[in-house]
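Single-letter residue listing:
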Amino acid sequence: MSDEITGTEPGQEVAPSDGDTKALRPGEWPPADVEHHLRRTDTDPKAQARAVRQVATMFMLSAVMVVLFIVAFIAIPRDAVVSIPFIGPISALNSAMGLTFGLAIFLIGAGAVHWAKKLMSNVEVVQERHPMKSTEDETELAADIYEVGKEQSTWAKFPIIRRTMLAAMALVPIPFIVSLRDLWIQPADVGTPSAELRRTIWEPGMRLVTDITYQPIKADEIPTGGLVNAVPENLREVEEDDHNLNARAKAAVIVVRMLPEEIQSQQSPEGTDWGYEGILCFSKICTHVGCPISLYQQRTHLLLCPCHQSTFDLSDSAEVVFGPAYRRMPQLPIEVDDEGYLVAVSDFPEPVGPSFWEISRP
Amino acid sequence: MKSLAKHRRHPAAVLVVIMLGLLLTGGLYAAANTATEARSVEADALLIEEGKRLFLEGCSSCHGLAGQGSDNGPSLIGVGAAAVDFQVGTGRMPLANFGAQAPSKAVEYTDEQIRAIAAFVASLAPGPSIPSAEDLDFTGVDVARGGELFRANCSQCHQAAGRGGALSNGQYAPNLMKTTPEHIWEAMLTGPQQMPVFADTTLPPQDKKEIISYIESIRASDDPGGWALGRFGPVTEGLFVWIGGMLLAVILAVWIGAKVR
Amino acid sequence: MSTEQISGIEKKGASAATYVDERVHSNSWFSRNLNKVFPDHWSFMLGEIALYSFVVVLLSGVYLTLFYKPSVVEVIYDGPYIPLKGVTISEAYDSALAISFEVRGGLLMRQIHHWSALFFVVAIAVHMFRVFFTGAFRKPRELNWVVGMTLALMALAAGFTGYSLPDDLLSGTGLRIIEGIILAIPVIGTWASFLVFGGEFPGVDIISRLYGIHILLVPGIIVGLITVHLMMVWTQKHTQFPGPGRTDKNVVGYPLMPVYMAKAGGFFFLIFGLITIIAGIVQINPIWIFGPYTPDQVSAGTQPDWYIGWLDGALRLMPNIEWIIFDYTISLNVLIPTVVLPGLIVTAAIIYPWLEAWATGDKREHHVLDRPRNAPTRTALGVMAIVFYVILWVGGGNDIIAVGFDLSINFMIWFLRFALIILPALAFIITKRICLSLQRRDRDKLLHGRETGRILRLPTGEFIEVHAPVNEEERAVLESKPDDKPLPEPPESDSAGVRNPKYKSGRRAAGLSRFLYRDTIEKPTEAEIHHGDEAIEAEDDFEAPLLEREESMHVAHDGSVLAKPAVDAPETTSDNGDGGSEQS
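These numbers were taken from a predicted model, which means no experiment stands behind them. (Residues numbered from 1 in each chain as written. Chains lettered and ligands numbered in written order. Predicted model: local features only at pLDDT ≥ 70, side-chain atom pairs only at ≥ 80, totals over all residues.)

Q: I keep staring at the overall build of chain A and nothing clicks. Help me out?
A: Within chain A, the regular secondary structure consists of nine helices and 15 strands. Compactness check: chain A gives a C-alpha radius of gyration of 38 Å against a globular reference of 21 Å for 362 residues, more than 25% above the reference. Over its C-alpha atoms, taken along the principal directions, chain A stretches across nearly 105 × 80 × 40 Å. Across the 362 residues in chain A, those meeting the buried criterion constitute 41%. Sequence separation of 24 or more characterises 57% of the internal contacts of chain A that already satisfy a separation of 6 or more. (Helix = DSSP H or I, 4+ residues; strand = E, 2+ residues; numbered from the N terminus. Rg over C-alpha atoms; globule rule 2.2 N^0.38 Å. Buried ≥ 20, exposed ≤ 12 C-beta atoms within 10 Å, placed from the backbone. Contact = placed C-beta atoms within 7 Å.)

Q: Before we go on, may I ask you to explain the interface of chain B and chain A in this structure?
A: The extent of an interface is frequently quoted as the accessible surface area lost upon association of the parts. Taken together, the contact pairs 31 residues of chain B with 41 residues of chain A. Sorting the residues of the side of chain B that touches chain A by element identifies helix 6 (143–153) and helix 7 (155–158) of chain B as the ones contributing at least two each. With four residues, the top contributor of residues to the side of chain B that touches chain A is helix 6 of chain B. Its residues assigned to classes, the side of chain B that touches chain A shows 13 nonpolar, 12 polar and six charged. (Nonpolar A, V, L, I, M, F, W, Y, C, P; charged D, E, K, R; others polar.)

Q: Teacher, can you tell me more about the confidence of the model for chain B here?
A: The predicted coordinates of low-pLDDT regions are not to be read in fine detail. Looking at chain B as a whole, the pLDDT averages 85, with 84% of positions reaching at least 70. Two numbers describe this predicted complex: its pTM, 0.88, and its ipTM, 0.90. (pLDDT = per-residue confidence, 0-100.)

Q: I keep staring at the interface of chain C and chain A and nothing clicks. Help me out?
A: Listed as interface residues are 88 residues of chain C and, on the opposing side, 83 residues of chain A. Per-element accounting of the side of chain C that touches chain A gives the leading share, 18 residues, to helix 10 (residues 256–281) of chain C. Tallied by class, residues from the side of chain C that touches chain A come to 44 nonpolar, 30 polar and 14 charged.

Q: I tried to follow the domain arrangement of chain B on my own but got confused; where do I start?
A: Structurally, chain B comprises domain 1 (1–128) and domain 2 (131–247). Considering only residue class, the side of domain 1 of chain B that touches domain 2 of chain B consists of seven nonpolar, six polar and one charged. (Domains from an automatic or database assignment.)

Q: Would you mind going over the domain arrangement of chain A with me for this structure?
A: You can read the domains of chain A as domain 1 (37–118), domain 2 (136–177) and domain 3 (199–344). If you average the C-alpha positions of domain 1 of chain A and of domain 3 of chain A, the two centres end up 58 Å apart.

Q: When you look at unusual backbone geometry in this model, what are you seeing that I'm missing?
A: It is generally the case that most residues other than glycine have a negative phi and that most peptide bonds are trans. The amide bond that connects M93(B) to the next residue, P94(B), takes the cis arrangement and shows omega of -5 degrees. Mapping P94(B) onto the fold places it in the loop between helix 4 (80–89) and helix 5 (111–124). Unlike most non-glycine residues, I212(A) shows phi in positive territory, near 70 degrees. Relative to the assigned elements, I212(A) resides in the loop between strand 6 (208–210) and strand 7 (227–232).

Q: Looking at this model, I keep getting lost on helix 16 (residues 409–448) of chain C. Mind explaining?
A: In an α-helix, one full turn covers 3.6 residues, which means residues spaced three or four apart are oriented alike. All names here are of chain C. The largest bend along helix 16 reaches roughly 40 degrees and is located at A419. Along helix 16, the residues that are buried comprise I409, N410, M412, I413, P424, A427, T431, K432, C435, Q439, D442 and L446. Positive phi shows up at G449, right after helix 16, with a value of about 85 degrees. (Bend = angle between axes of the 7 residues up to and from the residue.)

Q: Before we go on, may I ask you to explain the sheet that holds strand 5 (residues 125–128) of chain A in this structure?
A: The three strands lie next to each other as 5(A)-4(C)-1(C), forming an open sheet whose pairing is antiparallel. The outermost strands of the open sheet, each flanked by one partner alone, are strand 5 of chain A together with strand 1 (37–38) of chain C. Pairing geometry for strand 1 of chain C and strand 4 (residues 250–255) of chain C, over two bridges, is antiparallel. Within the sheet, the bridge partner assigned to F38(C) lies in strand 4 of chain C and is Y254(C). (Pairing = 2+ DSSP bridges.)

Q: Is there a simple way to explain the pairing of strand 8 (residues 463–468) of chain C in this structure?
A: Residues and elements named next belong to chain C. When strand 7 (residues 450–457) meets strand 8, the two strands line up antiparallel, connected through five bridges. Each bridged residue has a counterpart across the sheet, and for E451 the counterpart in strand 8 is H467. The turn joining strand 7 and strand 8, which pair antiparallel and follow one another in sequence, is formed by five residues; a positive phi near 95 degrees is taken by G461.

Q: What exactly am I supposed to notice about the sheet that holds strand 12 (residues 311–313) of chain A here?
A: In a beta sheet, neighbouring strands pair by backbone hydrogen bonds and run either parallel or antiparallel. All names here are of chain A. The sheet built from four strands is open, its strands ordered 10-11-12-13 with antiparallel pairing. Single-partner strands in this sheet number two, and they are strand 10 (295–297) and strand 13 (319–322). Strand-to-strand twist across the sheet, computed as the mean angle between neighbouring axes with direction ignored, equals 30 degrees. The pairing of strand 12 with strand 13 spans three bridges and is antiparallel. (Axes fitted to C-alpha atoms, helices over the stretch in contact; angles between N-to-C directions.)

Right under this line is the structure:
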């Protein structure tokens, strides 16, 4: 690209469109073949002086804004609130800092652009382009260099070196990839991922307790049309031991109650009841991509996912009635213990959560 | 008289006077109490009577003459005063037209009348009652726990900021920003329309208090960052950055590129 | 005084330049580049918006790293935000709350970071539209188009990884959806998910892993690619719109020093300032309202940021198809919208420059841009893609729209499913028609000049509209229309009867070429244009005597003498423009 400047020869005579012949200085491009408009600032000294003032004022105001920013930073308390029309009460500190800092930056830009537009040269100029393709000579030289290098390297002479090197290069990233295996350190008592995904911490006889408050749930205390967001009773202990939310991400359930005659079907084998007097318990984790669902519409018994709007009919085995989910929401078999509290009969008979490759394996 | 006067310095005299005084005031109190009770029963009866009249006028065409329900409206037996206060008090009832869901609108009855209808419906069968002043006393309530309960039980439908959300088939969980604590309480208790029932047994009054005080706190809270765009989250933010932000940036670019005269 | 001071500074500057030059040969580079010419057009600054918002993202992001803790260790919140006091939250969320409420200016920086991130992706999209619709991706810029596409993907990756870091309810839900998508990958899904999350979802590793990717890997790649992108622009020089004196062999505009230093440099400050002002008064992502992430909680209206929203919409619109083949599950309801669809779209976009080059058989360098109307099929394809995207985006926000406009989400999903097929096709047809009629108008303008709106009545009683020749500038623009014609069908065999080995691919190229250029309006030839010009001049010949007569009638009026207008027009009575051309 060293010849780019050749469009301008020092002292070259050019004829701009207005007919004036003038010599181009080195580093100056010839004007383009378009009509050049003179600006007010080019002809009117007053307009020019005004533009100069405007630019300088903007730069000066920017500096003032920086000062105001520092004042705001020091003087405005964190919790002070200011009410702005149409927006409402907002943090005085945040808005003051945003406006002063923002304007300080903005004014520099505005000043620079105003300067460029009003005062800097607005003569459109032409620079020549050169094709991207290198010249024949250059290409030939490059090819020659390559040939010389190839010969000197003995690359072609000893194919065994070439092949072994390529093989080695192909294999050498493998250790890095293999090292990624322990992104998951598999505990000794844990099987394959799919086996893990199939089970939850629900066990036979385990009580259902309310989420957040961990109170056991008496069956006769759930009203018809009621909804309880529930978890296993040992969830709190499990979470304290594990220091993660993994158990919750699979075991969360919703308990709903409808009139027994409204239940059209359950996931239990024909003629058996996995509920208790109209109380049914389902997984809360969507079978689509795993959002927790408890948008239960008590009159239609529909359960809606807020993420992708899969809809399940809880009165009909939680089958999918709308949306992208394919599998129904797994039902947790429940019964009542001696004291009248809801307990699980077993873990979920079907895997909870999103589908995966091995999910339908027996 | 003389003998009495003679005995007035007797130590027992004080006791007797006190006893007498107690008897008298006790009797008076008892008498007055029966009177108020009688009056309140009478007033209740009147209120129920008035409620019945209003009910027959405005509600019975759908809910049946005895609140037993019809094809056009559910039975109101056992829904309690709370349901009436919520449905009528938020303008959802009487229904303007049959749609996917009864929207809240201008209230058609006075507070007095609503209380009357509520009393009538409550007289049909026992049901949840209107929360007491004590229920709605939120002093010293743990707002943060209310937040946890809100996110566990409410935000899935009503959105994390209580701005409401869509349900299936044109139904929706309403925006909570203008709902009074009383009505929120009643809604939880009675489960209006598609909303599930959160009875006091599964969601104790203390939990309800905490939830309502959390809703109140986010309703009253400022948006420190500025204009909240409705607190709807990324959808409105995305619209803003296209319509507001990018438009301004393009205007600036046009300004830079524009020819100067 | 002042001049002396400045020259003092200049002297220091010159000696510094010499110092550097003696070590890195820099003056040579300056001599060739300091006055590089850039063409002036507002749409050439869209890419700059992307660049500058990225710089703002970097600056504010560095600030945030000073306070943010990428850890999910549980802590009890004890900060000034009362509605969360005492709640068990992760350290990541805790530090994000501290940035929002305790660090002075922290909220501002968080909002600058998030707004500029949204700006970045919007600007990339708009810049890409400009490049596509003007054909700026043609030779020699195909490679830079690919770099740009990769940059766009990296921007999405940066955005998504950042979205997940505050560990609030929205970001966690987003991660959960990602887990669902990873699980759906055939064969390796469960293992991939366990490796990504360090075991089961959510685990304790994902936040710190995403943090590394978000602040090091992805921005590193972006910086590298931006460098390549800009170096290519520098080497190839900027494209320019058609205009007088502008050819494929030159570039007309203003030099970098000084005009573009001020304009482009100033624009950085304008964009930075604009974002900062917005961040000061418009709230974004109020994490304190969403609450900490827990896998069993969710908020209605849970959405990703806008640029991922279309994939969320695709997930919603997809019918529930799942295949079970020999006991193995393939979740097409997840794979098609989130893997196959974006894969196809990105691939199609990346290879488009070569497809078009193949169909035109064009090996020339293009530096003068196409006007979108002059490439009607390309423009129509672009609009079609935009419509497709917008429908998916609407799908991603359909619950918000349903609540706002009292619609049913079920109805909206069905409507959008059909709209996704019908509307893009409709947009294609309509856009193409519009382009072609604009072409026709351009042709008319070139041939007959510009319509002046002045109606003249000819002596024969005929009305004509006076046309004026288009000016130099407009003519240059109109004449820039490329003369695109569909490629001819290749011969099946040559004259000697030998089968043409390239027959099949040639036929395909010709087919695509027909699709692209079949309907284009033919550009008038030089002769036709010349002919048209003469016709316009002839019109002027009509006009002059008519005007004269008008004037004379005025006089007549004033003099209260009614002159009888001469019915005869000069020579060219029966013929209109064409006939008039003979005499001139």
